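Below, each chain spelled out in residue letters.
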Amino acid sequence: MHLGKRAAVVIGVILAGWGWEMEVPTLVGRAATTDPQLIMNSAPRGLRINNKDNNYFKRAAKIGPADHQISNVARALTGPQGDGVMLSQDGVPNTGGAIWSSNKSFNMYQDQRASMWVYLASNNPTPGDGIAFAFQNSSNTAFSGTGESLGVWGVDSGEVGNTTTALRDSAIPKSWALEFDTHVDQVVPTAWSTWAPWTDTVASSFDVGQYDANEDNIFNGMGYGSTTDNDSVKETIKGQHLASNYPAQTDSYYAYSPKGFFQSSESSPNFYGLAHRGLIRNIQGTNILTDGRWHHLTLDYKAPVTDDNTGIVTYSFDDKNPITGAPQGSNNYAKERINLSYLDISKSQPNVYWGLTGATGEHSETSMVVFEQVPGQAKVNAEVGLTDETTGTAITANSQVKGHDQIKAAYKLDYQSGDMDWTDIKSTLKLPANVTWKTGQITYPHATLAKETLDVGAISDKQLAVAVKTLNRDNDQAVITLEGTAENRSASSAATVTSFVGENAIASVTTEPFEVTATPFTVNFESKKVTATSKAILKGRVNTTDRLVTTANTTLRATLSLADGTKKFLDDQIHWVSTANTIGGRDFTLNIPQVPMGNSQVQVTAQSKVATDYQASDTAMLSSGGVNFGDTSGDMVFEETALAGNGSQIIHRNESKGAWRLDVAAGGQWKVTAKTAGLYNAAHRKLAGALIFKTQGSAPTPLSDDDGVDTLISTGQGGANIAKDWQRDTGILLRINSWATSGIYSGTINWTLEVTP
C-alpha cells in the first residue's frame, strides 16, 4: 500500500446512488481484466442489491471526517448472476470508496455471517492498495484515508512528531477491520534516505509489522495455529496478505525511528508498523489477491457465551471454487478474539455498522465485491447427503455403487438466525448422473406445513427446478428428498453443485462423486419402507444381464425379522410374476399375511445356478401402521378477555407462543372426535359458556358433554396435525355468556381416535 495525502483528489469517476499458509498457482502471460463491467459479467452468483427498493447499504456521496471529506468512488454494478460493488478502479490513483450498512445492523451479541466473493486486479505490475472489511460504531460515512490506510487504519502523515496516538485518532473510531492488502509497504528509511517531509514523499511502512532493526528484512505478524488454537503464532509478513486488528487502538501500531537517527531525536520523523493479527499469506510471498481470479471469503462471528465480553471471528479465504461455487477445503483461515469494549457497545445497545472500504494511492487497481450472505439479514446453511439405501451406507467421495441399487439424495436447508426471514428461495437442483429418479418431495420437519410432492418427470438434463417456502424462526428447516435407482452400467458420476438462492441469502452444496458398477445379478424391493395395518404385499425384482438366468434356475427365499429378534421364514409366500419386466429381469411379489405390530425387517435373497456368484439380497422396512396419537404442543389456552356485559362472546385461542397442535399417525383411514365436561374455576363452579367447534363457513357446534355424542373434529389418512388448517376464528373456540363470573377456568377435552384398516 502507498499512502496518499489525506485531502485526496478524485478524478474521472462517475458516482451513482444505490441501495441494497497456502499454495497459489502462478499466472504467466495473462492480462488481468480490470474493466468493472467485464468483471461483473464473469462474477459468481450473488445477491441483487442494485435496485431502488433495496436500502440495506448506503453509499454516501462524501466520506471521511467532516474537515477533510473526499468523494466516494464506490458504485454498484449488475451482472448476469447478481450485483456487485466496485470500491476502486485501475488507473485512478488516490481515491477512496466505502459502503456501509444503512443502519447499525450487525448485532455483536448474536452469531452472524458474512459471505462474499472478492476480485482485485491491476494491469500495472505494482497494484495498490487493497480493501478492508470492517465493523464499527462510528457512522455510515466513515473513512480514514487513502493509500496504506485502506480507509480504516490510521493515517501516517510522515511528519516530524507524529505519534501512535495521532494514528489512533485518525483511524475509524470504535472499529475492527480485516484488510486485503495488495501493496506491500515495507520501506524502512535510513538516516540519509529521501524519506522526509520536505521531499513530499509518502510513508509506506505499515507492513513492516513488528520489526527488529537488527534483523534486516524480517517483518513479523501473528498468524493462527489451528492445532493448538493459538492466535499468536509468529509469522513473517510476505507479499499480498489478509490481516486484522483494531484501527483505533494505539497498540495496533509500532513506532520506529529511521536507522542512523538517535531514538530520541525530535528532528527525525518516526515510521510505523501495523500489528498484523490473523495473518494469511503464502510462504513464497506471491500475489495471492491480484491474480485476475475471484476469491471467496466467509466470515463467521460467534457472539460471547459468557460475561467476558469477547466475541470470536473466524475468516476463511478461498473456501469456495470460483468456477463452480462448490465449497472446498481451505487451510487459509484465522480465528481472532474480539474485545467488544473497544467497539463501545453493550447488551442493551449491541449493534454496529459493517461494510467495506477500498483505497488507491500512488498505485491503483480495480476491486469488486459480490455478496452471498450479509449480517443482520438471514444466516443460513445448506447440506446434501447421498445414501445407498440398498447397502444402508452413505455415499462418500469415490464410493462404489452397484447398478440397480436404490439411491437417496437429501438436501437440507437450515435457517440459523437473523433479523429477517430467508425469502423467495429457488434452486435448480444439479442431480447426480447415472441415477433414474423416481420420487421427490419437500418437507418442513419443524413446522406444520404440508409435504410437497416434486414432479420428477420434469427433470431435464439432470436438473430439477424447485421452490422452497420461506424459512424463519418458526419454520427453520426444509428437506428436499429424491429417491431413485442407479443405472446398471459402469460409469462415473461427477460431483454436482447446487445453489439455493433467496432474496437475501445464498447457500451452496456439493454432492460427492461416485462410481457405478454394472452387475449381472441383483435383487431390489420396489419400496424400501412399507406401512400396512393387517396384511401387505411387497413387490420387487431380480435384475440380470445374463440371458441364461431364468425363474427355473433361480431360487427366492424370504425372511421376516421381528423387533424382538424372532425370525419367520416366508419362502412359501414369495412368487414370480409370469412375464419379464422391461429391463430384462423378473418381478416378484411377497405376501405378508399378518403384519406384526411395530417395526420389522423383510429380506429377500435370490440365488441362480448359472454362476456361483449369482447371489444377491435386499431388505425393506415394514411398519404395522400402528396408531400414534396424542403428541401435542401442550394445553389449549384462551385469551384473557373483559366481559362485554350483554349477549355472548367468542374467545379465541391464545397462540402467541405458536399455533396449538395435536398429531395423529395411523396406517388406515381415521377420525378424531372430542367431548368435554366443561370448564370450572377453583371453587368447582362451572363456567357459564361452552367450548365450541367451528369450521370455515359453517355455524359453530358446541363440544359434546360427557353424556352426549362425541363431536367430529377431523378425518384423514396417514399422519397429520388435526389443527393445521385452523384459523383464528375456526377450530375449538370458547363461547361465554354475559352473566359469566370472572375468574380462571380449566377443564379437560377427551379425544378419541378411530382407525379403519
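Below you will find a few notes about this structure.

Rules behind the numbers
Position labels on residues start from 1 in each chain and follow its written sequence. Predicted model: local features are reported for residues with pLDDT of at least 70 only, side-chain atom pairs are reported and counted for 80 or more only, and whole-chain, interface and lining totals are derived from all residues. Processing note: side-chain calculations cover all non-hydrogen atoms of the structure and skip hydrogens and water entirely. For two strands to be treated as a pair, DSSP must find at least two bridges joining them. Numbered from the N terminus, helices here are DSSP runs of H or I no shorter than four residues, and strands are runs of E no shorter than two. An axis is simply a line fitted to the C-alpha atoms; with a helix, the fit covers only the stretch in contact. Between two such axes, the angle follows the N-to-C directions and lies from 0 to 180 degrees. Side-chain atoms within 4.5 Å are what join buried Ala, Val, Leu, Ile, Met, Phe, Trp, Tyr and Cys residues into a set we call a nonpolar core. Categorising residues by exposure relies on relative accessible area from a 1.4 Å probe, with only protein chains included: less than 20% of the type maximum marks a residue as buried, more than 50% marks it as exposed, and the intermediate range marks it as partly exposed. Buriedness of a pocket was judged along seven lines, with at least five required to meet protein on both sides within 12 Å; pockets are open sets of points on a 1 Å grid over the protein atoms alone, cavities are sets where a 1.4 Å probe fits but cannot get out, and lining residues have an atom within 4 Å of a point. Grid points are joined across faces, edges and corners, and a volume is the space filled by probe spheres set on the points. Any residue outside Ala, Val, Leu, Ile, Met, Phe, Trp, Tyr, Cys, Pro, Asp, Glu, Lys and Arg is labelled polar, Gly included; the first ten of those are nonpolar and the last four are charged. A pair of aromatic rings is counted whenever rings of Phe, Tyr or Trp (Trp by its six-membered ring) have centres within 6.5 Å, and the orientation is called stacked for planes under 30 degrees apart, edge-to-face for over 60 and tilted otherwise. Salt bridge, as applied in this entry: a Lys or Arg side-chain nitrogen positioned within 4 Å of an Asp or Glu carboxyl oxygen.

**Re the sheet that holds strand 39 (residues 554-561)**
Then, in step 1: What the five strands build is an open sheet, ordered 37-44-43-39-40; its pairing is mixed. On the outer flanks of this sheet lie strand 37 (529-531) and strand 40 (567-569), each paired with one strand and no other. Sheet twist, expressed as the average angle between the axes of neighbouring strands with direction ignored, equals 25°.
Then, in step 2: Bridge count for strand 39 against strand 40 is three bridges, and the pairing is antiparallel. Bridge pairing in strand 40 links S561 to K567.

**Digging into the nonpolar core**
Then, in step 1: Within the largest apolar cluster, 46 residues are counted, with the highest numbers of intra-cluster contacts made by F133, F135, W176, W354, L356 and F371.
Then, in step 2: It is strand 8 (residues 112-121) that contributes the most residues to this core, four residues altogether.

**A short note on the layout of surface pockets**
Then, in step 1: For the largest pocket, the calculated volume is near 1100 Å³.
Then, in step 2: When contributions to the lining of the largest pocket are tallied by element, the ones reaching two or more residues are strand 26 (406-418), strand 28 (435-443), strand 31 (477-486), strand 37, strand 44 (615-623) and strand 50 (711-721).
Then, in step 3: Counted by class, the lining of the largest pocket contains 10 nonpolar, 16 polar and 11 charged residues.
Then, in step 4: A volume near 860 Å³ is recorded for the second largest pocket.
Then, in step 5: Around the second largest pocket sit 30 residues that line it, and F638, L679, L734, Y745 and S746 are the ones nearest its centre.
Then, in step 6: No other element matches the five residues that strand 52 (residues 746-756) contributes to the lining of the second largest pocket.

**What about the packing of aromatic side chains?**
Then, in step 1: Following the criterion strictly, the structure yields 27 aromatic pairs and no others.
Then, in step 2: A ring pair is formed by Y56 and W354, whose centres lie 6.3 Å apart and whose planes are at 50°; its orientation type is tilted. Of the two residues, Y56 sits in the loop between helix 1 (36-41) and strand 1 (57-58) while W354 sits in strand 21 (residues 351-359), which places them 298 residues apart along the sequence. Each member of the pair, Y56 together with W354, is buried.
Then, in step 3: Judged by centre distance (6.2 Å) and plane angle (65°), the ring pair of Y411 and F500 falls under edge-to-face. Pair noted here: Y411 is in strand 26 and F500 is in strand 33 (residues 497-501), with a separation of 89 residues, a long-range link. Side by side, Y411 and F500 carry an identical accessibility label, which is buried.

**Considerations on the environment of A723**
Then, in step 1: By secondary structure assignment, the location of A723 is in the loop between strand 50 and strand 51 (731-737).
Then, in step 2: Owing to a relative accessible area of 7%, A723 belongs among the buried residues under this scheme.
Then, in step 3: Separated by 10 residues in sequence, A723 and I713 have C-alpha atoms that sit 9.1 Å apart.

**Describing the sheet that holds strand 35 (residues 514-517)**
Then, in step 1: The sheet built from three strands is open, its strands ordered 25-35-32 with mixed pairing. Edge strands, defined here as strands with exactly one partner in the open sheet, are strand 25 (399-402) and strand 32 (491-493). Here the average twist between neighbouring strands, direction ignored, is 30°.
Then, in step 2: Bridge count for strand 25 against strand 35 is four bridges, and the pairing is parallel. Opposite K402, over in strand 35, you have T517 as the bridge partner.

**Thoughts on the pattern of salt bridges**
Then, in step 1: Summed over all chains, the structure comprises 26 salt bridges.
Then, in step 2: Across the pair D461 and K462 runs a salt bridge whose closest N-O atoms are separated by 3.9 Å.
Then, in step 3: D461 gets classed as exposed once you look at its relative accessible area, which sits at 57%.
Then, in step 4: Close ionic contact of D725 with K724 constitutes a salt bridge, the shortest N to O distance being 3.2 Å.
Then, in step 5: By relative accessible area, D725 is classed as exposed at 54%.
Then, in step 6: When its relative accessible area of 39% is taken as the criterion, K724 is described as partly exposed.
Then, in step 7: What emerges from the salt-bridge pattern is a single network uniting D229, D231, R277, K335, E336 and R337.

**Considerations on the environment of D476**
Then, in step 1: Within the secondary structure, D476 sits in the loop between strand 30 (463-468) and strand 31.
Then, in step 2: Look at D476 and you get partly exposed, because its relative accessible area is 23%.
Then, in step 3: Each C-alpha atom of the pair D476 and A447 lies 7.9 Å from the other, and the pair is 29 residues apart in sequence.

**Thoughts on the pairing of strand 34 (residues 506-510)**
Then, in step 1: Among the five residues of strand 34, four are classified as buried, and the element is accordingly described as predominantly covered.
Then, in step 2: Sheet topology places strand 33 next to strand 34; five bridges connect them, and they run antiparallel. Paired with S499 across the bridge in strand 34 is S508.
Then, in step 3: Here strand 33 hands over to strand 34 after four residues, the two strands then running antiparallel side by side.

**Thoughts on the pairing of strand 42 (residues 586-592)**
Then, in step 1: Of the pairings in the sheet, the one linking strand 38 (residues 536-544) to strand 42 comprises seven bridges and is antiparallel in character. The residue of strand 42 that forms the bridge with R541 is D587.
Then, in step 2: With four bridges joining them, strand 41 (residues 574-580) and strand 42 adopt antiparallel strand pairing. The partner of H575 across the bridge, within strand 42, is T589.

**Re unusual backbone geometry**
Then, in step 1: D129 follows G128 through a cis peptide bond whose omega is 0°.
Then, in step 2: As for its position among the elements, D129 is in the loop between strand 8 and strand 9 (130-136).
Then, in step 3: In this structure, D344 is a non-glycine residue whose phi angle is positive, near 60°.
Then, in step 4: Residue D344 is classed as partly exposed on the basis of its relative accessible area, which comes to 49%.
Then, in step 5: In this structure, H684 is a non-glycine residue whose phi angle is positive, near 65°.

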